[in-house]
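Structural features, examined
Residues per chain are reported as follows:
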Amino acid sequence: MEAAGGAAPAPAPARARPAQPQPQPPPQPQPQPKSRELFRSQRKESEGSVDCPNLEFEYGDADSHGSELAELYSYTEEPELSNNRRCFEEDFHTQVQDRRWLELDGAQQKAYIMHLLDGLEVVSRDKRLKVARAILYLAQGVFGDCDNEGDVLHWSRHNSFLLYQLGTFTAFLELLNMEIDNSQACSSALRKPAISLADSTELRVLLSVMYLMVENIRVEQEVDPPEWKTCRETFRMELSFPVHTEEPFALLLFTMVTKFCSGHAPHFPMKKVLLLLWKVLLFTLGGFEALQVMKVRKREELGLPPLPEDSIQVMRSMRAASPPTYSIELMEQQQQKRGHRSRRPLVKQDSLDIYNERDPFKNDEAGVDEEENDDVDSGIEGELDLMERDAIIATMPAQRLPIERVSFPKGLPWAPKVRQKDIEHFLEASRNKFIGFTLGQDTETLIGLPRPIHESVKTLKQHKYVSISDIQIKNEEELEKCPMSLGEEDVQETPCEVLYRAMLYNLPQYMIALLKILLAAAPTSKAKTDSINILADVLPEEMPITVLQSMKLGIDVNRHKEIIVKSISALLLLLLKHFKLNHIYQFEYVSQHLVFANCIPLILKFFNQNIMSYITAKNSISVLDYPHCTVYDLPELTAESLVPARGDNSWTLSSSLSTPSVSCFVLVRGLLAEGCPPDRLPATCPGPMGTSSDTLLSTPMAHANP
């Protein structure tokens, strides 16, 4: 290292090779451009350091069961937990004497739930709210009678199945429709200068009960009795297909989202609505594993070869990729090293290193020192030839203990796929070059082409992949050419098809409303007077007056926004993947409206920040999370306890802190998935792609449909 970095850089890009390394005075630090220093500092922040270890990220449909239930409640709703318990105990002790809920048998528990359901039929609004709070306490797991968190979650699942069997979800659905159509509550919220938790009390209670029932019934466990499995399938069918109403339940929640964004109902608790909408779609359409099963089954029905791999399993086995080198640094390196042969690639993704042999000359610990030096002296490997590199590395002292090397197969972690058009384009270019004319779509005739072209075509055909989308497009083209002879297409009534048919009329408004909320919850968005208020279900009636209360509310607000971003991003990705499997044109129609609404700049807006700081930000208080706060005595909170200690990264691996990382990961996947193929886009694009994401959807909701 001393021989490589001891000599001062020459002004000309000539290559100097001294015979013997002469002792030279230490080089004087030269001033670097501010832009380069800025980009280097940003790169170091994004790559992280020893203080920011790799996060253990598990790619799945949702977080753990307890974490998903905890995200339903904000910390400002904590006093309402005891209020729910009081409402239940006041009514329960009048019906059952000297006994607890856990001590009742199944028949007695059902009889008491029927008594509560009768109380929902009264005219008095206050009495209905007390009964609804008592039912919510049952769905929360009767935590007053439990000793630990496991018992609370167990009884929450038990009571949720019991409530569904007795028709509680249908009764609450009717009450939810009444609250949505309550014009008095909407007008009262519009007249208030500031909306708080008190304006959405009834809606929050109803949505909480429905969310707990959906989430508890959706999660499968091995110890579930057979009747629970039957209830789960029946509940999935009721949510997927309209039985009691003319529309699916998810469409009602989409209507609440659009009504909130239009300004007619600013008091709607949007976080609970979005969480419930996401879990309903996840329950009815299916998660990633169910999607893979449906994809395999559909390929078998179409007579296509089986999938070479499961992309979800491949991604789960891949390591995280480090951010690539900035373009300014690449340009500077190319300008200063022009004329030299570099034996080291500029960028090497860590996610692919595990599948290839590692560079034996690569020293990870010396990477930081190399970045601090000038680009002319940026390392031994970039300046010296192979013989000099071997001589110098042999004399270098060992920086660390040798690590056992593991051999992996070379190549990409996923199987390559080649389309039919790729083969046709390759043959067309080859024939124009060697023969001078083309043969159209003929991929079999190779006369006149050299032998390497034959081998290339053979390799391409070995990796040829026919997707379900290609078959769907081909069928649509045939139906368009011969509509009379082929007749109508036989469309299968799947939950995805029913949902798309119900969403089709107002689908642009639904996408616009989701993106409006996503913009309002973006961490880099600036507060504007015309933006929607997504904090109506987190702000208390009385604003905090102490520093501790202000810090607690600030954490709660940040946590509130992260959960909203997580639910919307997961919801959009779930819709895109299921619509693409159901029919490619449905996927393109949804993607087209997302592009028209500036979804791509909006997603990129989330990455215009320090991602490592965003992911590892501690925006939760574990002692206040459900169900921990319902079982154990809360310790005294102080301002110091809410701030993580410097250098303490033990909290970065907490499951409750995975919301930002999940949001970033899903947003990246949505960004890659939502683009429409350019060969099937309309000739004129009415979307406002030239505007910035801050001016997202400034047009009224009624004029959003192009």
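Note that the coordinates shown come from a computational prediction; the quantities given were computed from them, not determined experimentally. Numbers given for residues are sequential positions, taken from 1 along each chain in its written order. The predicted origin of the model limits local features to residues at a pLDDT of at least 70 and limits the giving and counting of side-chain atom pairs to 80 or more, whereas totals for whole chains, interfaces and linings rest on all residues. To get the side-chain values, take all heavy atoms of the structure and skip hydrogens and water.

Labels follow the DSSP assignment, with helices taken as runs of H or I lasting at least four residues and strands as runs of E lasting at least two, numbered in each case from the N terminus. Helices and strands together make up the secondary structure of the protein chain, namely 32 helices and zero strands. Put simply, 79% of the contacts in the protein chain that link residues at least 6 apart link residues at least 24 apart. Exposure was quantified through the Shrake-Rupley algorithm and a 1.4 Å probe, taking into account, for residues, occlusion by the shown protein chains and nothing else. For the protein chain, the accessible area works out to roughly 38,200 Å², and carbon and sulfur atoms hold 55% of it. Contact definition: two residues touch when any of their heavy atoms are within 4.5 Å.

Here the focus is unusual backbone geometry. Across residues other than glycine, the phi torsion is negative in most instances, and most of the peptide bonds are trans. In the segment running from Tyr-626 into Pro-627, the intervening peptide bond is cis, with an omega of 5°. With respect to the helices and strands, Pro-627 occurs in the loop between α30 (611–615) and α31 (628–631). At Asn-598, a residue that is not glycine, the phi angle is positive and equals roughly 60°. Mapping Asn-598 onto the fold places it in the loop between α28 (584–596) and α29 (599–606).

With that out of the way, let us pick up the packing of helix α5 (residues 106–119) against helix α6 (residues 125–139). Axis separation between α5 and α6 bottoms out at 8 Å; the angle between their running directions is 150°. Between α5 and α6, the crossing angle belongs to the class labelled roughly antiparallel. Where α5 crosses over α6, the two elements pack in a sense that is left-handed. Across from Ile-113, Leu-116, Leu-117 and Gly-119 in α5, the residues of α6 making contact are Arg-128, Val-131, Ala-134, Ile-135 and Leu-138. With axes taken as lines fitted to C-alpha atoms, and helix axes fitted only over the stretch in contact, angles between N-to-C directions fall between 0 and 180 degrees. Angular relationships are summarised with four words: roughly parallel below 35 degrees, roughly antiparallel beyond 145, roughly perpendicular across 65 to 115, and oblique for the angles in between. Crossings are assigned a handedness: left-handed for a near helix turned anticlockwise from the far helix by less than a right angle, right-handed for a clockwise turn.

As for its position among the elements, Lys-272 is in helix α13 (residues 270–285). Burial classes: relative accessible area under 20% of the type maximum marks a residue as buried, over 50% as exposed, and values in between as partly exposed (1.4 Å probe, protein chains only). Exposure remark for Lys-272: the relative accessible area of 0% places this residue in the buried category. When residues no more than four places from it in sequence are discounted, the contact partners of Lys-272 are Leu-72, Glu-77, Arg-204, Leu-207, Ser-208 and Asp-537.

Okay, α5 next. With 14 residues, α5 should cover 20 Å at 1.5 Å per step; its first-to-last C-alpha distance of 20 Å lies within 8% of that length. Within α5 the residues assigned to the buried category are Gln-109, Tyr-112, Ile-113, Leu-116, Leu-117 and Gly-119. For α5, the angular spread of the buried residues around the axis is 150°, confining them to a single face. Along α5, the residues that are exposed and aim more than 90 degrees away from the buried face are Ala-107 and Asp-118. Buried positions along α5 lie against α4 (78–95), α6, α7 (149–165) and α8 (168–180). Expected helix span is computed as 1.5 Å times (number of residues minus one). As used here, the arc is the angular range of directions from the helix axis to the C-beta atoms.

Turning our eyes to something else, we now look at the side chain of Lys-279. In this structure, Lys-279 sits in helix α13. The exposure class assigned to Lys-279 is buried, which follows from its relative accessible area of 0%. Side-chain atoms alone can form a polar contact between residues adjacent in sequence; in general such a contact is a pair of N or O atoms within 3.5 Å, and within protein one must be able to donate a hydrogen while the other accepts it. A distance of 3.0 Å separates the side chain of Lys-279 from the side chain of Tyr-211, its partner in a polar contact.

With that settled, consider the environment of Arg-100. For Arg-100, the position within the fold is in the loop between α4 and α5. A relative accessible area of 39% places Arg-100 in the partly exposed class. Taking C-alpha positions, Arg-100 is 9.7 Å from Val-142, a pair spaced 42 residues apart along the chain. Residues within four places of Arg-100 in sequence aside, it is in contact with Phe-92 and Asp-145.

Two side chains that carry opposite charge are able to pair once their charged atoms sit near each other. Criterion for a salt bridge: a side-chain nitrogen of Lys or Arg within 4 Å of a carboxyl oxygen of Asp or Glu. For the coordinates displayed, the defined rule picks out 24 salt bridges. Salt bridges here are not isolated pairs; linked through shared partners, they connect Glu-68, Glu-71, Glu-215, Arg-218, Lys-279 and Lys-566.

Once that is clear, we can look at the packing of helix α12 (residues 249–261) against helix α26 (residues 507–520). Running from amino to carboxyl end, α12 crosses α26 at an angle of 60°, the nearest separation of the two axes being 9 Å. Of the possible angle classes, the one that applies to α12 and α26 is oblique. Helix-helix and strand crossings are classified by hand; for α12 and α26 the assignment is left-handed. Contacts from Leu-251, Phe-254, Thr-255, Val-257, Thr-258, Phe-260 and Cys-261 in α12 reach Gln-509, Tyr-510, Ala-513, Leu-514, Lys-516 and Ile-517 in α26. Gly counts as polar in this scheme, as do all residues outside two lists: the nonpolar Ala, Val, Leu, Ile, Met, Phe, Trp, Tyr, Cys and Pro, and the charged Asp, Glu, Lys and Arg. Class assignment for the residues of the contact of α12 with α26 results in nine nonpolar, three polar and one charged.

On to helix α10 (residues 201–218), then. Owing to its 3.6 residues per turn, the α-helix brings residues three or four apart onto one side. Compared with an ideal rise of 1.5 Å per residue, which puts 18 residues at 26 Å, α10 spans 26 Å between its outermost C-alpha atoms and is within 8% of the ideal. Counting buried positions over the 18 residues of α10 gives 17, a clear majority of the element.

All right, on to the packing of aromatic side chains then. Think of it this way: a Phe, Tyr or Trp ring, Trp meaning its six-membered ring, pairs with another when their centres are within 6.5 Å, and the plane angle makes it stacked under 30 degrees, edge-to-face over 60, tilted otherwise. One pass over the full model with this rule turns up 16 aromatic pairs. For the pair Trp-101 and Tyr-112, a centre-to-centre distance of 6.2 Å together with 65° between the ring planes defines the contact as edge-to-face. Residue Trp-101 is located in the loop between α4 and α5, and its partner Tyr-112 is located in helix α5; the two are separated by 11 residues in the primary sequence. In textbook terms, an aromatic cluster arises when at least three aromatic residues are bridged by ring pairs, as seen for Phe-88, Phe-92, Trp-101, Tyr-112, Tyr-137 and Phe-143. A positively charged side chain is recorded as over a ring if its NZ (Lys) or CZ (Arg) lies within 6 Å of the ring centre. The angle to the ring normal must also be within 35 degrees. Lying over the aromatic face of Tyr-465, Lys-417 brings its terminal NZ or CZ to 4.4 Å of the ring centre.

Attention shifts here to the confidence of the model for the protein chain. The quantity called pLDDT is the predictor's confidence in a given residue, expressed from 0 to 100. Within the protein chain, residue pLDDT values average 76, and 68% of them lie at 70 or more. Across residues 342–408, where pLDDT falls below 50, the model places 96 contacts with residues more than four positions away in sequence or in other chains. Confidence drops under pLDDT 50 across residues 645–658; counting only partners more than four residues distant or on other chains, this segment forms 25 contacts.

Right, let's get into the nonpolar core. Residues belong to one nonpolar core when they are buried, are Ala, Val, Leu, Ile, Met, Phe, Trp, Tyr or Cys, and are joined through side-chain atoms within 4.5 Å. If you look at the biggest cluster of nonpolar residues, it comprises 126 residues, and the most contacted ones within it are Trp-101, Phe-249, Leu-281, Met-511 and Ile-517. No other element matches the 13 residues that helix α27 (residues 547–582) contributes to this core. In this view, Trp-101 contacts Phe-88, Phe-92, Gln-109, Tyr-112, Ile-113, Leu-138, Val-142, Asp-145, Trp-155, Asn-159 and Leu-162; residues no more than four positions away in its chain are not counted.

We now examine the environment of Leu-251. Along the chain, Leu-251 falls in helix α12. Its relative accessible area of 8% is what places Leu-251 among the buried residues. For the pair formed by Leu-251 and Tyr-500, sequence separation is 249 residues and the distance between their alpha carbons is 9.7 Å. If sequence neighbours within four positions are ignored, Leu-251 has contacts with Ala-502, Met-503 and Tyr-510.

What follows is about the environment of Leu-574. With respect to the secondary-structure elements, Leu-574 resides in helix α27. When its relative accessible area of 6% is taken as the criterion, Leu-574 is described as buried. For Leu-574, the residues in contact, after removing those within four places along its chain, are Leu-281, Leu-282 and Gly-286.

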